[in-house]
Each structure stands twice: as structure tokens, then as C-alpha cells.
Amino acid sequence: MEALLKFVQDEFVTKKEFPDFSAGDTITVYYEIKEGEKTRTQFFRGVVIQRRGSGSSETFTIRKMSGTIGVERIFPINMPALQKIEVNKRGKVRRSRIFYFRGLTGKKARIKEVRS
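No experiment lies behind these values; they were computed from the predicted model shown. (Residues numbered from 1 in each chain as written. Predicted model: local features only at pLDDT ≥ 70, side-chain atom pairs only at ≥ 80, totals over all residues. Heavy atoms only, no water.)

### Some thoughts on the pattern of salt bridges
Next up, step 1: Scanning the model with the defined rule gives seven salt bridges in all.
Next up, step 2: The residue Arg-102 makes a salt bridge to Glu-72 at a minimum N-O spacing of 2.7 Å. Taken as a pair, Arg-102 in the segment after strand S5 (82-89) and Glu-72 in strand S4 (residues 69-76) lie far apart in primary sequence, 30 residues in all.
Next up, step 3: Residue class for Arg-102 comes out partly exposed when judged on its relative accessible area of 40%.
Next up, step 4: Overall, Glu-72 belongs to the partly exposed group, its relative accessible area being 31%.
Next up, step 5: Residues Arg-115 and Glu-113 are paired through a salt bridge, measuring 3.9 Å at the closest nitrogen-oxygen approach.
Next up, step 6: We classify Glu-113 as partly exposed; its relative accessible area is 39%. (Salt bridge = Lys/Arg side-chain N within 4 Å of Asp/Glu carboxyl O. Helix = DSSP H or I, 4+ residues; strand = E, 2+ residues; numbered from the N terminus. Buried < 20%, exposed > 50% of the residue type's maximum accessible area, 1.4 Å probe, protein only.)

### Some remarks on the nonpolar core
Across soluble globular proteins, nonpolar side chains show a tendency to be buried alongside one another.
Next up, step 1: Core analysis: the largest hydrophobic core is formed by 15 residues, its most contacted members being Ile-27, Val-29, Tyr-31, Phe-60 and Phe-75.
Next up, step 2: Broken down by secondary-structure element, the contributors of at least two residues to this core are strand S1 (26-35), strand S2 (38-52), strand S3 (59-66) and S5.
Next up, step 3: By residue number, the principal contributor to this core is S1, which donates four residues.
Next up, step 4: With sequence-adjacent residues up to four places away left out, Tyr-31 is seen in contact with Arg-40, Thr-41, Gln-42, Phe-43, Phe-44, Arg-73, Phe-75, Met-79, Ala-81, Leu-82 and Gln-83. (Core = buried A, V, L, I, M, F, W, Y, C linked by side-chain atoms within 4.5 Å. Contact = heavy atoms within 4.5 Å.)

### Concerning the sheet that holds S3
Next up, step 1: The five strands lie next to each other as S4-S3-S2-S1-S5, forming an open sheet whose pairing is antiparallel. Whereas interior strands pair on both sides, the edge strands pair on one side only; in this sheet they are S4 and S5. Across the sheet, the axes of successive neighbouring strands diverge by a mean angle of 40°, strand direction being ignored.
Next up, step 2: Note that S1 and S2 share 10 bridges and pair antiparallel. Among the inter-strand pairings, Tyr-30 is bridged to a residue of S2, identified as Phe-43. (Pairing = 2+ DSSP bridges. Axes fitted to C-alpha atoms, helices over the stretch in contact; angles between N-to-C directions.)

### Points about the pairing of S1
Next up, step 1: Buried residues dominate S1, accounting for seven of its 10 residues.
Next up, step 2: Counting the residues that bridge the hairpin from S1 to S2 gives two residues, and of these Gly-36 lies at a positive phi of roughly 70°.
Next up, step 3: Bridging between S1 and S5 involves six bridges; their strand directions are antiparallel. Note that in S5 the partner of Thr-26 across the bridge is Lys-89.

### Examining the confidence of the model for the protein chain
Next up, step 1: On average, residues of the protein chain score 90 in pLDDT, and 97% of them reach the 70 mark or higher.
Next up, step 2: Averaged pLDDT values for the elements of the protein chain fall to 75 in helix H1 (residues 2-12) and rise to 96 in S2. (pLDDT = per-residue confidence, 0-100.)

### Concerning the packing of aromatic side chains
Next up, step 1: Applying the stated criterion across every chain, the model contains five aromatic pairs.
Next up, step 2: Consider the rings of Tyr-31 and Phe-75, whose centres lie 5.4 Å apart with planes at 55°: the pair is tilted. Of this pair, Tyr-31 sits in strand S1 while Phe-75 sits in strand S4, placing them 44 residues apart in sequence.
Next up, step 3: Overall, the relative accessible area of 4% leaves Tyr-31 in the buried class.
Next up, step 4: What makes Phe-75 buried here is its relative accessible area of 0%.
Next up, step 5: Relative to Phe-75, the ring of Phe-44 lies with its centre 6.1 Å away and its plane at 65°, an arrangement referred to as edge-to-face. Of the two residues, Phe-44 sits in strand S2 while Phe-75 sits in strand S4, which places them 31 residues apart along the sequence. (Phe/Tyr/Trp six-rings, centres within 6.5 Å; stacked < 30°, edge-to-face > 60°.)

This is the structure we're talking about:
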């Protein structure tokens, strides 16, 4: 049964090409919002906290600070409204899920940048 699901996901679900990114990277996600009959593009820029799942059910979580309040958003990787993803900074972290990042404030919330 699992092989059949994998086959259907690989064959029939359209895959978009996005750059490689991982936890600790700062990315900008551009996605489409429909308001009535109008559509507009909105972006969400923040630090990737985790990538979870595989194949068509893969998701990633982004966290940004809006004033003094932390805002997190979960995006499915194959969401039809996703237009593009830009990697702004590559971060060096030692874990694949950086939930400890939620408790950090000020200068402790900085992530070292990987120079390439």
C-alpha cells in the first residue's frame, strides 16, 4: 500500500523547483492570497525552524519576529499558492529542528552565517 501511495505521489503530484534550504536559513516565501476575486502576492521572511515529512507531504516552519511577538507559519512544500522561495542567508546550526530558538531573545537569537 505504501509503495502505491509513493508511486501516485511521484507520478501525479506536480513538483515545483525550489532552492535547497535547511534549518537555520533565513528565507523569503512568496505566496498568493485571494481576496474575493482579486489575487495578490504576499511574502513571509524568517528563519526556518524545521523541515518535516517527505515527498508531497513535506512541510517547513518559518519563524519571524513581528515587533516583540514571534510569529510562526507552516508551509506545505507543494502548496499551489507558493510562487517562489528565496534563500537570503545560510545559517550554521547543529540541529535539524531548532525549537530552542523560540526561547531566545536579543543577541542570543542570532545565528552564525555560513559564507560560501
